[in-house]
Amino acid sequence: MITNREEVLENALRVFARMNYEKASQTEIAKACGLSKAGLIYYYPLKLDLFIAVIDKYVFGMQSVSKKFRFTFDSLSGFIDQYVAGVERTMTRLVALLADEDNEFGCSSNFYYFHLLMQVRLYYPDVEKKIDAMFKQDYEVWKSAITMAKKIGEVRSDIDEDSAALMFRQIFLGLSFEQSFQDGLDIGLLTSKLRFAYSLIKY
């Protein structure tokens, strides 16, 4: 029997990622955890409490720039390499967490994670500011790297930092979403597309 709160969160993550929040009953979650419903309630009396704990750890926590990336760059080129490495580390961790032999629908783990993100917007209380902050911090690290690259003469001086940051950010988000419907994000392709965008703005 599971007695570890972290294991409860991991198993609940898998259930919420595959089922709609409203459909994922406490009984279903308890079964996935190897607990009775009473055992689950001991840890999280309300399903919403459990959902919030899962999202805080596996969405807002794992997507935090400080946890996702280890930046020590001195160029935009170096930033891109470290950005991709951070994405790959996080994705590898999430795929391992969401992998399940009983994959009834045959979807990639990346798809299930996007499914979870949709539920965050619908069911996490007062979520607008938290989502905005999560997206904004990623955008801001791109903008700061591009601003630095302009100062050192790595990229053209006429480049608009906001537009360039948005371009790089949307390459990542667009590929991540599109490829989640197939086998999941191809890190090699992501690198190639970010490098192509870089070639358009560098000196």
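Please refer to the structure higher up on the page.
Just so it is clear, the model here is predicted, and its values are computed rather than measured. (Residues numbered from 1 in each chain as written. Predicted model: local features only at pLDDT ≥ 70, side-chain atom pairs only at ≥ 80, totals over all residues. Heavy atoms only, no water.)

### A few points about the packing of aromatic side chains
Logical step 1: Tallied over the entire structure, the rule returns 20 aromatic pairs.
Logical step 2: Ring plane angle 20 degrees and centroid distance 4.8 Å describe the contact between F69 and Y83, whose orientation is recorded as stacked. Pair noted here: F69 is in the loop between α5 (65-68) and α6 (76-98) and Y83 is in helix α6, with a separation of 14 residues, a long-range link. Here the two residues F69 and Y83 agree in accessibility, since each one is buried.
Logical step 3: A centroid spacing of 4.6 Å and a plane angle of 75 degrees characterise the contact between F79 and W142, whose relative ring orientation is edge-to-face. Of this pair, F79 sits in helix α6 while W142 sits in helix α8 (residues 128-151), and the two are 63 residues apart along the sequence. Each member of the pair, F79 as well as W142, carries the same accessibility label: buried. (Phe/Tyr/Trp six-rings, centres within 6.5 Å; stacked < 30°, edge-to-face > 60°. Helix = DSSP H or I, 4+ residues; strand = E, 2+ residues; numbered from the N terminus. Buried < 20%, exposed > 50% of the residue type's maximum accessible area, 1.4 Å probe, protein only.)

### A few points about the pattern of salt bridges
Logical step 1: A complete count under the given rule lists eleven salt bridges for this structure.
Logical step 2: Linking K130 and D56 is a salt bridge whose minimum nitrogen-to-oxygen distance equals 3.3 Å. Of this pair, K130 sits in helix α8 while D56 sits in helix α4 (residues 47-61), and the two are 74 residues apart along the sequence.
Logical step 3: When its relative accessible area of 34% is taken as the criterion, K130 is described as partly exposed.
Logical step 4: Overall, the relative accessible area of 31% leaves D56 in the partly exposed class. (Salt bridge = Lys/Arg side-chain N within 4 Å of Asp/Glu carboxyl O.)

### Thoughts on α8
Logical step 1: The end-to-end C-alpha separation of α8 is 34 Å, in line with the 34 Å expected for 24 residues at 1.5 Å each.
Logical step 2: Of the residues making up α8, those classed as buried are I131, M134, D138, Y139, V141, W142, A145, I146, M148 and A149.
Logical step 3: Buried residues belonging to α8 abut α4, α5, α6, α7 (109-123), α9 (161-180) and α10 (187-201).
Logical step 4: Positive phi shows up at G153, right after α8, with a value of about 80 degrees. (Expected span 1.5 Å × (residues − 1). Contact = heavy atoms within 4.5 Å.)

### Some thoughts on the layout of surface pockets
Logical step 1: By volume, the largest pocket amounts to about 600 Å³.
Logical step 2: Lining the largest pocket are 28 residues, and of these Q63, Y113, F114, L117 and L173 sit closest to its centre.
Logical step 3: Mapped onto the lining of the largest pocket, the elements with two or more residues apiece are α6, α7, α8 and α9.
Logical step 4: Grouping the constituent residues of the lining of the largest pocket by class yields 19 nonpolar, five polar and four charged.
Logical step 5: The computed volume of the second largest pocket comes to approximately 410 Å³.
Logical step 6: Taken together, 15 residues form the lining of the second largest pocket, with R18, M19, E28, D100 and D102 sitting closest to its centre.
Logical step 7: Listed by contribution, the elements that provide at least two residues to the lining of the second largest pocket are α1 (5-18) and α2 (26-33).
Logical step 8: The leading source of residues in the lining of the second largest pocket is α1, at four residues. (1 Å grid on protein atoms, 1.4 Å probe; cavity = no way out; pocket = protein on both sides within 12 Å on 5 of 7 lines; lining within 4 Å. Points joined across faces, edges and corners; volume = space filled by probe spheres on them. Nonpolar A, V, L, I, M, F, W, Y, C, P; charged D, E, K, R; others polar.)

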